[in-house]
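Residues per chain are reported as follows:
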Amino acid sequence: MSASPTSIRAIAELSEALKEKRAGVFIGSGISSASGLPSWSGLLSELIDELRGQPGVSPQLICDAEQLVADRNKWLILAQLLRNELGKSFTDYIERRFTDLTHKPNSIHDALIEIPWRAIVTTNYDRLIERSYARHFGADGDIPVFSYQNPAKIASNYRRGVNFVLKAHGDAREGPEFVVLTEADYRNLIHREIGYQTILQALFTTTSFLFIGCSLTDPDLRLLLQFIHSAFHGDTPTHYALVPENERCMAEDKIFYSEYRIHVIPIKPSDLSGSILSFLGDLKSSYAP
């Protein structure tokens, strides 16, 4: 990846934040997609296939659901429909799909664990980042892993300066029935989980985050960013996001910085993994004593 002024600045500032133990990484579904797990839209499409296999389901309902997949603004509504219609089959699918051990950690997972992030926050339900730690470091690489349901434990580790992984939307192995996907799930998470709110506030007011594998237009991330903005009116550390060139424009970049303090770093859509690995390699080299 050619070094743009923004990426050079990001590496310098994140390197300094790492030295001061105030740098984190926020991992979206794009990272696990490289290991064969579904993206946001892919997950919804697979759930529609699950629904198609249910007895007595109207063909019109399937047709409507397929149309909703094409509109990113309707994804949360569609997710709610699918969860309601599938019932226990939804939970079974989440557990089966995201605990499948044939999906292995990829080179980005491996590069991420070589950097001493203050916190790794992921919206993914899988355990690929944890498996990468175990594969490379064994028992010595054991890192605390929490979901949004463990605010007291997260707070304890945070206060003691212990690095940790936060499964922000739940864990398919530990509690598939509690994963966050629908609009109601996000509303409950942001507005009713008071302990979790406190954790988010602490993290985003003290930590500079690098966003990777996320689209800044994904509905789940936008809801989180809007919560952070409404709570702090943009008064947070500077964050950075690696975003494919074809998914951003200068006008949006300006808004993301003014509203959320996120600097967008364009990367080549033809070589997403290579661009991310190049950035992480430069960051590691910059940070290394």
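What counts as what
Every residue gets a number counted from 1 within its own chain, in the order that chain's sequence is written. Local features are withheld for residues below a pLDDT of 70 in this predicted model, meaning they are given only at 70 or higher, and side-chain atom pairs are given and counted only at 80 or more; totals for whole chains, interfaces and linings count all residues. Side-chain metrics in this entry use all non-hydrogen atoms of the structure; hydrogen atoms and water are not considered. The rule is simple: take the accessible area with a 1.4 Å probe, protein chains only, and divide by the maximum for that residue type; under 20% is buried, over 50% is exposed, in between is partly exposed. Secondary structure elements are defined from DSSP: runs of H or I of at least 4 residues count as helices, runs of E of at least 2 residues count as strands, and each element is numbered from the N terminus. Residue contacts are counted whenever heavy atoms from the two residues lie within 4.5 Å of one another. If DSSP finds at least two bridges between two strands, the strands pair. Between the N-to-C directions of two axes lies an angle of 0 to 180 degrees, each axis being a line fitted to C-alpha atoms and, for a helix, fitted only over the stretch in contact. Nonpolar cores were defined as sets of buried Ala, Val, Leu, Ile, Met, Phe, Trp, Tyr and Cys residues, with membership established by side-chain atoms within 4.5 Å. Here, a disulfide means two cysteine sulfur atoms that sit within 2.5 Å of each other. Site definitions follow a grid-based scheme: protein atoms alone, a 1 Å grid, a 1.4 Å probe that fits but cannot get out for cavities, and for pockets an open set with protein on both sides within 12 Å along at least five of seven lines, plus lining residues having an atom within 4 Å of a point. Grid points are joined across faces, edges and corners, and a volume is the space filled by probe spheres set on the points. Under the convention adopted here, Pro, Cys and the residues Ala, Val, Leu, Ile, Met, Phe, Trp and Tyr are nonpolar, Asp, Glu, Lys and Arg are charged, and Gly plus all remaining residues are polar. Handedness of a crossover is defined as follows: orient the strands so they point away from the viewer, and if the path from the first strand over the helix to the second runs clockwise, the crossover is right-handed.

Sorry, what's going on with helix α8 (residues 128–137) here?
Each turn of an α-helix holds 3.6 residues, which means side chains three or four residues apart point in the same direction. When we look at burial in α8, the residues that qualify are L128, I129, E130, S132 and Y133. Those residues of α8 that are buried are in contact with β1 (23–27), α2 (29–33), α7 (107–112), β2 (119–122), β3 (145–147) and β4 (164–167). Positive backbone phi, at 60°, marks G138, one or two positions downstream of α8.

Got a minute to help me understand the sheet that holds strand β5 (residues 208–212) in this structure?
Across a sheet, paired strands are connected by hydrogen bonds in the backbone, their directions being either parallel or antiparallel. Taken in spatial order, the 7 strands make up an open sheet running β3-β4-β2-β1-β5-β6-β7, and their pairing is parallel. The open sheet is flanked by β3 and β7 (262–267), the only strands paired with a single partner. For this sheet the average axis-to-axis angle between neighbouring strands, irrespective of direction, equals 20°. Pairing analysis gives 2 bridges linking β5 to strand β6 (residues 239–244), with the strands arranged parallel. Bridge pairing in β6 links F211 to A241.

Looking at this structure, I do not really get unusual backbone geometry. What am I missing?
What you tend to see is this: most non-glycine residues have negative phi, and most peptide bonds are trans. For K21, which is not glycine, the phi torsion reads 60° and is therefore positive. For K21, a relative accessible area of 61% corresponds to the exposed category. Positive phi outside glycine occurs at R261, with the angle close to 60°. Within the element layout of this structure, R261 appears in the loop between α13 (250–260) and β7. Given a relative accessible area of 27%, R261 falls into the partly exposed group.

Help me understand the nonpolar core in this model?
The nonpolar side chains of a soluble globular protein tend to be buried with one another. Ranked by internal contacts, the top residues of the largest apolar core, which has 59 residues, are F26, I94, L203, F204 and F211. The next biggest cluster of nonpolar side chains, apart from the first, holds 30 residues, and it includes I11, W117, Y133 and I267.

Got a minute to help me understand the state of the cysteines in this structure?
Working definition of a disulfide: a covalent bond connecting the sulfur atoms of two cysteines. Summed over all chains, the structure comprises 0 disulfides. A disulfide-free cysteine, C249 has its sulfur positioned 18 Å from the sulfur of C214, the nearest such atom.

So what exactly am I meant to see when it comes to the layout of surface pockets here?
If a probe the size of a water molecule is rolled over the atoms, the empty space left behind becomes visible. Estimated volume of the largest pocket: approximately 370 Å³. What lines the largest pocket is a set of 21 residues, and nearest its centre among them are G30, G213, C214, S215 and E247. Elements that contribute at least two residues to the lining of the largest pocket include exactly α2, α3 (40–52), β6 and α14 (272–287). Of the residues assigned to the lining of the largest pocket, the class counts are 11 nonpolar, 7 polar and 3 charged.

For this particular structure, what's the right way to read the pairing of β7?
In summary, the side chains of a regular strand alternate between the two faces of the sheet. Of all 6 residues in β7, 5 are buried; the element is thus mostly enclosed. Relative to β7, β6 is paired through 6 bridges, and the arrangement is parallel. In the sheet register, L242 faces β7, and the bridge partner there is I265. At this point the chain moves from β6, through α13, to the parallel β7, and the crossover so formed is right-handed.

The quantities given are spatial measurements derived from coordinates; they are silent on function.
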